[in-house]
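Chain by chain, the residues run as shown.
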Amino acid sequence: MAVTLAKDIINRAKIVLQDTGSSGTRWPNSELQDWLNDAHKEVVLYRPDANTVNEEFTPVGNSSKQSIPATGLRMIEVIRNTAVSSNFKAIRLIQRSILDDQVPAWHNAVAGVNIEHWVYDERDPKNFYLYPRPTTLARIELIYSTVPAKVSIVNADESFNSAAATTMISLDDIYANALLDFILYRAYSKDAEFAANAVRSNAHLTAFGSSLGVKTKIDGSNAQLRSAQGADAVNS
């Protein structure tokens, strides 16, 4: 849960930009706030796991094809069966080609409340498939990424130093520096006709990408992990 105030990120940007007036001169507070919201979305674009929902999901009955909720951006994981009448067992990722080879008619197999496998293609991020087809009683635990809540400080051009401006950033605090770098990238891009500002803009964009890239290396690749899990499922 984030504890970093949105106004603190923006005020840090104002210090770097040397535009610390209450409303901003070259870069109005409301403009910096817009870039902060853009930064949230950009982080989730590169790091879907930065803003996830873990909840019980009711699948469409008697259909192998499922879609994440409308607020979702990208599928992350199916964990387990959660229906009262289910076995509560884990649901394992499997490669579609394996099911296609071994159970050619799996999309029309007998429906059940106990789901055994799920299928996912990174090229179709909002849809996934379940085997066997779920009945209307089936329930599963699902993790998916979603759009970050919009940061909105009332009367942004006047209230950034107000004690009442307590809106938090919408991502975990570990992304605070990346959010700041993205704001500064956009701010210096506004004056990119000056060579020094163009260089600084590119430097902050590089820092933004490097911050997310380092975290990607630490966490590993979700796609590679899914591939390994799917391949292992054939031996289960």
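Use the structure listed above.
Enquirer: Whenever I open this one, the sheet that holds strand E5 (residues 117-119) confuses me. Can you help?
Expert: Two orientations exist for strands paired in a sheet by backbone hydrogen bonds: parallel and antiparallel. Read across the open sheet, the four strands follow the order E2-E6-E5-E4; overall the sheet is mixed. Of all strands in the sheet, those with a lone pairing partner are strand E2 (65-67) and strand E4 (92-93), marking the two edges.

Enquirer: Is there a simple way to think about the packing of helix H1 (residues 6-17) against helix H2 (residues 29-46) in this case?
Expert: The axes of two packed helices give the description: the angle between them and the distance between them. At a minimum axis distance of 10 Å, the contact between H1 and H2 shows a crossing angle of 115°. With respect to the hand of their crossing, H1 and H2 are arranged in right-handed fashion. Touching Ala6, Ile9, Ile10, Lys14 and Leu17 of H1 are Asn29, Leu32, Gln33 and Leu36, all from H2. Residues of the contact of H1 with H2, tallied by class, amount to six nonpolar, two polar and one charged.

Enquirer: Would you take a moment to explain the packing of aromatic side chains for this structure?
Expert: In this description, an aromatic ring pair is defined by two values, namely the gap between the centres and the angle between the planes. Overall, the coordinates contain seven aromatic pairs when judged by the stated rule. Measuring from ring centre to ring centre gives 6.4 Å for Trp27 and Tyr188, while their planes differ by 70°; the resulting arrangement is edge-to-face. Of this pair, Trp27 sits in the loop between H1 and H2 while Tyr188 sits in helix H5 (residues 176-189); the two residues are 161 residues apart in sequence, bridging distant segments of the chain. Each of the two residues, Trp27 as well as Tyr188, counts as buried.

Enquirer: Whenever I open this one, the pattern of salt bridges confuses me. Can you help?
Expert: Evaluation of the coordinates by the stated rule reveals eight salt bridges. Arg47 is the partner of Asp49 in a salt bridge, and the nearest nitrogen-oxygen pair spans 2.5 Å. Among the residues examined, Asp49 registers a relative accessible area of 26% and is labelled partly exposed. Salt-bridge contacts for Asp121 lead to Arg123; the nearest nitrogen and oxygen are separated by 2.7 Å. Under the relative-accessibility criterion, Arg123 is labelled exposed at 74%. Through salt bridges with shared partners, one network takes in Asp38, Lys41 and Arg186.

Cut-offs used in this document
Residues numbered from 1 in each chain as written. Predicted model: local features only at pLDDT ≥ 70, side-chain atom pairs only at ≥ 80, totals over all residues. Heavy atoms only, no water. Pairing = 2+ DSSP bridges. Helix = DSSP H or I, 4+ residues; strand = E, 2+ residues; numbered from the N terminus. Axes fitted to C-alpha atoms, helices over the stretch in contact; angles between N-to-C directions. Left-handed = near helix turned anticlockwise from the far one by under 90°. Contact = heavy atoms within 4.5 Å. Nonpolar A, V, L, I, M, F, W, Y, C, P; charged D, E, K, R; others polar. Phe/Tyr/Trp six-rings, centres within 6.5 Å; stacked < 30°, edge-to-face > 60°. Buried < 20%, exposed > 50% of the residue type's maximum accessible area, 1.4 Å probe, protein only. Salt bridge = Lys/Arg side-chain N within 4 Å of Asp/Glu carboxyl O.

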